[in-house]
Amino acid sequence: MNHRPTLAFALMDAPFESARSTTALRLLAVAAGRGCHIKVFAYEGAVMLPFARQQAHANAVHGRSAEEENHFLPSTAIAALMEEAQRHGGSLDWVNCGLCVDERGAGESIAGVRRGTPGDFWQMAKDSINTLVIATHD
C-alpha cells in the first residue's frame, strides 16, 4: 500500500522576524520531498509568508545588486514547496486566516493560497495523522 500521510501545520510568525518561519519551511520541505499531503494554516503574521508582492533588493552596504544579493523570499519558497509536493505525489494546501489577512492588508498571495477561517485549521488537524503548531513567542 502506498499511503501518503497528511500532516497539518499552524504557523504564526511573520517572515524575516525569527528563525521559526525558516524552520517551518524546512520542515515543510522534508514533508514535500516525502510526498506527504501537507495542510498549512497561516495565522497572525504568517499570512505574510506567501505575500505575492515580496521583492528582492540590493544591498548598498555590501555593494551588491539584487541579483548578486540573491535575497530569500518566503513566497518563492512556498511556491516551490507546492511544486515539490506535487512532484513527489503529495500536495500542499496553504490556507491564510482571512481575518489576519484583512488586518495586515495581505490580500495578494501567490497562486495556490486560499483564504479561510480557524475552522479550516480544526478540519486540517482532524484529517491529519499529526499536527504541529509553531507559535510566536515573546
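Up top is the structure these notes are about.
Residues numbered from 1 in each chain as written. Predicted model: local features only at pLDDT ≥ 70, side-chain atom pairs only at ≥ 80, totals over all residues. Heavy atoms only, no water.

Participant: Whenever I open this one, empty space enclosed by the protein confuses me. Can you help?
Facilitator: Remark: the empty space left among the atoms is shown by a probe the size of a water molecule rolled over them. Applying the stated criterion across every chain, the model contains one cavity of 30 Å³ or more. Here the largest cavity defines a volume of roughly 30 Å³. Lining the largest cavity, in full, are L11, M12, D13, R20, S21, A24, L49 and I134. No other element matches the three residues that helix α1 (residues 19–33) contributes to the lining of the largest cavity. Residues of the lining of the largest cavity, tallied by class, amount to five nonpolar, one polar and two charged. (1 Å grid on protein atoms, 1.4 Å probe; cavity = no way out; pocket = protein on both sides within 12 Å on 5 of 7 lines; lining within 4 Å. Points joined across faces, edges and corners; volume = space filled by probe spheres on them. Helix = DSSP H or I, 4+ residues; strand = E, 2+ residues; numbered from the N terminus. Nonpolar A, V, L, I, M, F, W, Y, C, P; charged D, E, K, R; others polar.)

Participant: Any chance you could explain the nonpolar core here in plain terms?
Facilitator: Buried together is how nonpolar side chains tend to be arranged in soluble globular proteins. By size, the foremost hydrophobic cluster in this structure holds 34 residues, and its most contacted members are L11, L28, I38, V40 and W94. Those elements that provide at least two residues to this core are β1 (6–11), α1, β2 (37–42), α3 (74–87), β3 (91–97) and α4 (98–104). Excluding residues that lie within four positions of it along the chain, W94 makes contacts with L11, L28, V40, A42, A46, L49, P50, I78, M82, G112, V113 and R114. (Core = buried A, V, L, I, M, F, W, Y, C linked by side-chain atoms within 4.5 Å. Buried < 20%, exposed > 50% of the residue type's maximum accessible area, 1.4 Å probe, protein only. Contact = heavy atoms within 4.5 Å.)

Participant: How should the sheet that holds strand β5 (residues 130–134) be read in this particular structure?
Facilitator: Working definition: the strands of a sheet are paired by backbone hydrogen bonds and lie parallel or antiparallel to each other. Pairing in this open sheet of five strands is parallel, and the strands run β4-β3-β2-β1-β5 from one edge to the other. Since the sheet does not close on itself, it has two edges, and those belong to β4 (113–116) and β5, each with one partner. Averaged over all pairs of adjacent strands, the angle between strand axes in this sheet comes to 20°, irrespective of strand direction. As paired strands, β1 and β5 are joined by five bridges and run parallel to one another. Along β5, the bridge assignment pairs L11 with I134. Contacting β1, β2, β3, β4 and β5, helix α5 (residues 118–127) crosses the sheet at an angle of about 150° to β2. (Pairing = 2+ DSSP bridges. Axes fitted to C-alpha atoms, helices over the stretch in contact; angles between N-to-C directions.)

Participant: So what exactly am I meant to see when it comes to the side chain of S75 here?
Facilitator: Take S75: it is sitting in helix α3. The exposure class assigned to S75 is buried, which follows from its relative accessible area of 6%. With sequence-adjacent residues up to four places away left out, S75 is seen in contact with L49, P50, F51, Q54 and I110.

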